[in-house]
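# Survey of secondary and tertiary structure
For reference, the chains in residue letters:
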Amino acid sequence: MASMDEFGNNLYSGKTSFPFVGRRRLWFVIAIALVVASALVPLLRPVQFSIEFTGGSQFTVLAPSDTDQSIATGAVKSVVPEAAAKVAIVNGTDVRVQTSQMSPEETQSVAGALAEAYDVPAEEVASSFIGPVWGESVTRQSLWGLSIFLALTFLILAIYFRTWKMSAAAIIGLLDVLIITIGVYALAGFEISPAAVIGFLTILAYSLYDTTVVFDKIRENTTEDGENSSRTFGESVNLAVNQTLIRSINTSIVAALPVGAILFIGSFWLGAETLTDISLSIFVGILVATYSTLFVAAPLYSLFREKEPQIIAQDSRVLELRERARVDA
């Protein structure tokens, strides 16, 4: 415990420092590679959208004695040969079947075929239908929600920090989080459902919180330093990131542990698949958000500001004083 306290104190004082800003080119290359790889994932493994977005019919066979998925596929094909069926086991006991859109008559016939195939009473097969208009409405509202969130984020951060450059760095960091999280989500083969969208918005809010805390410390350091600072602007930004590093790591661990428990124990082990969508997106998002704040948003803000005349003059003065001290020594 003492060693961790000492490590934290060294980070805060600057005695120990990780080069978040100094090696930003490396971090940016890694970030770009991750974003490009995540963007290419859907080309290799197309993103699957849930029935709420695409529309279609859904059937749930309650607690059959045999949960063989091929039985459901055969039952659907026997009624509508051209129908594409997605079959999954829900809660470890039920069989869920999702198909393309069917007429009411076809829906009734498929429900009967599933009941017969799984040898259960007809009332043990629940069916529902989601039309294309409702699916389009969900998609449109999700995109509107994301757009409004990003716009308000940019505006509020610009007002709070009194510079659009912090807002721009934060938004780029949020987009980095979103793209990588969706890429991992698609790679895992999970469907994007309304619950997943809620998870995406949740992790964007978490990422924004983490970025705001770090940026607030950056503003504090760069404002208090003033013209008499012994550090360059980039060094002040790097110190702020190191000073908040332990807090960022601790917050991420505390947030990721319960979500990880829901994901791995609840979803994968106990079979509570209804929790998989949102828990996977939040778990991955928390980890990516922590990385993005430290290695993307903060170094990017430093890059945005270092070309300002006032910053250039201050950095030149600091470097000149150091050179004089070195020569005198």
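Preceding this paragraph is the structure being described.
Residues numbered from 1 in each chain as written. Predicted model: local features only at pLDDT ≥ 70, side-chain atom pairs only at ≥ 80, totals over all residues. Heavy atoms only, no water.

## Notes on helix H4 (residues 69–79)
- Listed as buried for H4 are Ala72, Ala75 and Val76. For H4, the angular spread of buried residues about the axis comes to 95°, placing them on one side.
- Buried residues along H4 sit against strand E3 (85–90), strand E4 (94–99) and helix H5 (104–118). (Buried < 20%, exposed > 50% of the residue type's maximum accessible area, 1.4 Å probe, protein only. Helix = DSSP H or I, 4+ residues; strand = E, 2+ residues; numbered from the N terminus. Arc of directions from axis to C-beta. Contact = heavy atoms within 4.5 Å.)

## Side note on the packing of aromatic side chains
- Tallied over the full model, the rule gives 11 aromatic pairs.
- Plain terms: the ring middles of phenylalanine 161 and phenylalanine 215 are 6.1 Å apart, the flat faces sit at 75° to each other, and that makes the pair edge-to-face. With phenylalanine 161 in helix H6 (residues 132–161) and phenylalanine 215 in helix H8 (residues 194–225), this residue pair connects regions lying 54 residues apart in the sequence. You'll find phenylalanine 161 and phenylalanine 215 in the same group, each marked buried.
- Both rings, one in phenylalanine 215 and one in tyrosine 301, keep their centres 5.7 Å apart while their planes meet at 40°; by these two values the pair is tilted. In this pair, phenylalanine 215 is assigned in helix H8 and tyrosine 301 in helix H11 (residues 276–305), connecting sequence segments 86 residues apart.
- Overall, tyrosine 301 belongs to the buried group, its relative accessible area being 2%.
- These aromatic residues form a ring-pair network of at least three members: Phe18, Phe20, Trp27, Tyr291 and Phe295.
- Here arginine 219 stacks its cationic end above the ring of tyrosine 160, 4.8 Å away from the centre of that ring. (Phe/Tyr/Trp six-rings, centres within 6.5 Å; stacked < 30°, edge-to-face > 60°. Lys NZ or Arg CZ within 6 Å of the ring centre and 35° of its normal.)

## Some thoughts on the sheet that holds strand E5 (residues 125–130)
- Strand order across the open sheet formed by 4 strands is E3-E4-E2-E5, with antiparallel pairing between neighbours. Looking at the sheet topology across the chains shown, the edges are occupied by E3 and E5. Across this sheet, the average inter-strand angle for adjacent strands is 15°, counted without regard to direction.
- Bridge analysis of strand E2 (residues 56–61) against E5 gives 6 bridges, and the strand direction is antiparallel. Bridge pairing in E5 links glutamine 58 to serine 128.
- Against the sheet, H4 engages E3 and E4, with an angle of about 145° to E3.
- Sitting on the sheet, H5 is in contact with E2, E4 and E5, with an inclination near 25° to E2. (Pairing = 2+ DSSP bridges. Axes fitted to C-alpha atoms, helices over the stretch in contact; angles between N-to-C directions.)

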